[in-house]
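Secondary and tertiary structure notes
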Amino acid sequence: LKELFSSDEEEMSSELETQRKRLAKSERDVAEHIFERIATAANNAMKGSSLEADVLRAVLASTRREGSTNNDAPLTAEELTKFAKSGVVMNRKRRKMKDGNPKNKVNTAALMEQIESLESYQDDSWDDMLALTDVLEAFGCLTRVSDSVDVDSDNKNDRESVMYDVTQAGINIGMLGFENSLWCLVAIGGAWDVANASYQLDEFRSSWEDFNDEYLVDAINEDDISQNAADSQQKKDKNNKLPKPQQEVEILLSLLCSLSPSELAGYVSCLVSEGSRSSASIVESFQTLSPTMQQVVQSTLSSMERLLEVQKKCSVDESSVKCQLELGTFEVVAEWASGCSWNEALEISGSAPGDLIRTLNRALDALRQLGNLPYVPIRGTDLDGVTVHETSRGIHPIIRKMCREAAIAMDRYPVKDPLLFDSEEGEDTSENDDEEQDISDDLINSEEIVYTEEEQSKPYEKSSE
């Protein structure tokens, strides 16, 4: 017993020492924080009886609430933190007021009076959290768990009791480290507007198409009009089975699966690029793409427009809604993934070696993240053109496989990733590669994938053939 107690005491002492070191490190980090240094410098400047010190003390007193008993107290880092956050809140409120009434200029004085009239500081972080949650729910990344009581979605207090389940697409987003991970998942066909929250966008597009039809009706004879009307009605009857957002994502997935791994690498680089320094315009970059790649870009822009519509509808803060598609990096990344030399890549990009390495590294990191997402087998109802899905399925296994292949092809000097892919326990790639290739060919060459009941129950078991 004595030895046992002695061992426990040593472990406790060691743990206490570890906690003391962590506390000391935290105190050092706090002391070295920029706000602590600013507060120290300001307090030193306010000492004495100079004119500058008097002005600083008067400004500090004016920023503190009237009637405060600590007007003579020194400036603290906590006060600077609150002041910085209040500036962020004010900018957000100004943007929201401008979005709500874009024709009128924002009355800054009225906004200041509104903020100053608040009894206490109100942080709108919870509002931003709810807005992001609404977007993720609309795109099938979160599903609301049925509650025992009715929850008013407009009441912020009631929203605290709502519980959600995370779908496969939500798990993908949680594992990605992009600036807007939802946008990247949408752009590779892993998520879409399953709630049809962007229905107003479809109504606008439909009205615009009808307007064009009426405008061009005089240039077509009656026989052509009747034939076009019949073809249009037949097309609508065929596509009415699925919501518009799901139709768009199935088209996008079919196009992406028809790309080569190197082309997919170039496409992914367009989603995460910091911006190309090339002198070529967007139109020029688009014209250099292959016809299939041009269709991919057009389909992606439709998905981007839908995502931006939902984010604006949910009042998501502008700093969280960045969606980009920088075509200037496509060619050099695709060529590097195809095996071109370093000198050839420099000539194609026309940029400095450091800028090119940064571009290739960002593309490689994005491909690695996408390739490391969990493997989910294809089901018989995926992309069958009939089944309406209530949640987003996440990254398609064919896209995931091509991302891994592209990353391996790009992983060569001077671009190198020491930890390219995580080891996986649940996936046997040697047994699945052949069938994934067969499914990919079917997806490219036909509009539907049809499985028998036996194939649906065992989608990745190799056939006797």
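Residues numbered from 1 in each chain as written. Predicted model: local features only at pLDDT ≥ 70, side-chain atom pairs only at ≥ 80, totals over all residues. Heavy atoms only, no water.

As for the overall build of the protein chain
Using the following cut-off: Each helix is a run of H or I in the DSSP string that is no shorter than four residues. Each strand is a run of E no shorter than two, and both are numbered from the N terminus. Here the term buried applies to any residue with accessible area under 20% of the maximum for its type, exposed to any over 50%, and partly exposed to those in between, with areas from a 1.4 Å probe on protein chains only. Two residues form a contact once any of their heavy atoms are found within 4.5 Å. Each accessible area is a Shrake-Rupley estimate made with a 1.4 Å probe; only the visible protein chains count as cover when residues are assessed.
Within the protein chain one finds 21 helices and two strands. Classification of the 465 residues of the protein chain by burial places 34% in the buried group. Put simply, of all contacts in the protein chain between residues at least 6 apart along the chain, 75% involve residues at least 24 apart. Carbon and sulfur atoms make up 51% of the accessible area of the protein chain, which amounts to about 28700 Å² in all.

Some details on unusual backbone geometry
The bulk of non-glycine residues show a negative phi, and the bulk of peptide bonds are trans. The amide bond that connects Y413 to the next residue, P414, takes the cis arrangement and shows omega of 0°. Phi angles above zero are rare outside glycine, and N196 is one such case at about 55°. Relative to the helices and strands, N196 resides in the loop between helix 9 (181-187) and helix 10 (199-216). Looking at N196, the relative accessible area reads 31%, which means it is partly exposed. Residue S315 is not a glycine yet carries a positive backbone phi of 60°.

Notes on the confidence of the model for the protein chain
What counts here: Think of pLDDT as the predictor's per-residue confidence, scored from 0 to 100.
Averaged over every residue, the pLDDT of the protein chain is 77; the share at 70 or more is 69%. In this model residues 232-239 is a low-confidence stretch, pLDDT under 50, and it forms two contacts with partners more than four residues away in sequence or in other chains.

Some words on a negative patch on the surface
Going by this rule: Residues enter a patch when their relative accessible area is above 30% and they make no salt bridge; the linking distance is 9 Å between like charges and 5 Å between nonpolar side chains (Val, Leu, Ile, Met, Phe, Trp, Tyr). Every case where a carboxyl oxygen of Asp or Glu lies within 4 Å of a side-chain nitrogen of Lys or Arg is listed as a salt bridge. Note on charges: Lys and Arg go in the positive column, Asp and Glu in the negative column, and His and the chain ends are not counted at all. We put the charge of a Lys on NZ, of an Arg on CZ, of an Asp on CG and of a Glu on CD.
On the surface, a cluster of negative charge is made up of D8, E9, E10 and E11. With respect to the element layout, D8 can be found in helix 1 (residues 2-31).

What about the packing of aromatic side chains?
Condition: When two rings of Phe, Tyr or Trp (its six-membered ring) have centres within 6.5 Å they constitute a pair, described as stacked for plane angles under 30 degrees, edge-to-face for angles over 60, and tilted for the intermediate range. Whether a charge lies above a ring is judged from NZ of Lys or CZ of Arg, which has to be within 6 Å of the ring centre and within 35 degrees of the ring normal.
Applying the stated criterion to the full structure yields one aromatic pair. Ring centres of W336 and W342 lie 5.9 Å apart, and the angle between their planes is 85°; this geometry places the pair in the edge-to-face category. Of the residues examined, W336 reaches a relative accessible area of 1% and is grouped as buried. Taking the ring centre of W336 as reference, the NZ or CZ of R412 above it sits at 3.7 Å.

Topic: the pattern of salt bridges
Close approach of charged atoms allows side chains with opposite charge to pair. On inspection of all chains with the given rule, the structure shows nine salt bridges. Between D54 and R57 there is a salt bridge; the shortest N-O distance is 2.3 Å. A residue pair is termed a helical-turn pair when its members lie 3 or 4 positions apart in one helix, as D54 and R57 do in helix 3 (residues 51-63) at three residues. A relative accessible area of 32% places R57 in the partly exposed class. A salt bridge links K322 to E179; its shortest N-O distance comes to 3.9 Å. Here E179 lies in the loop between helix 8 (168-175) and helix 9 and K322 lies in the loop between helix 15 (291-313) and helix 16 (330-338), a separation of 143 residues in the sequence.

Some remarks on the packing of helix 13 (residues 261-272) against helix 16
Put simply, the rule is: Angles shown run from 0 to 180 degrees and are taken between the N-to-C directions of axes, each axis being a line fitted to C-alpha atoms and, for helices, limited to the stretch in contact. We call a crossing left-handed when the near helix sits turned anticlockwise from the far one by less than a right angle, and right-handed when that turn is clockwise. For this scheme, ten residues count as nonpolar: Ala, Val, Leu, Ile, Met, Phe, Trp, Tyr, Cys and Pro. Four count as charged, namely Asp, Glu, Lys and Arg, and the remainder, Gly too, count as polar.
Relative to each other, helix 13 and helix 16 sit at 145°, their axes nearing to 7 Å. As for how helix 13 packs across helix 16, the hand of that crossing is right-handed. Here S262, E263, A265, G266, Y267, S269 and C270 of helix 13 lie close against helix 16, whose contacting residues are F330, V333, A334, A337 and S338. Each residue belonging to the contact of helix 13 with helix 16 can be placed in one class, and the counts come to seven nonpolar, four polar and one charged.

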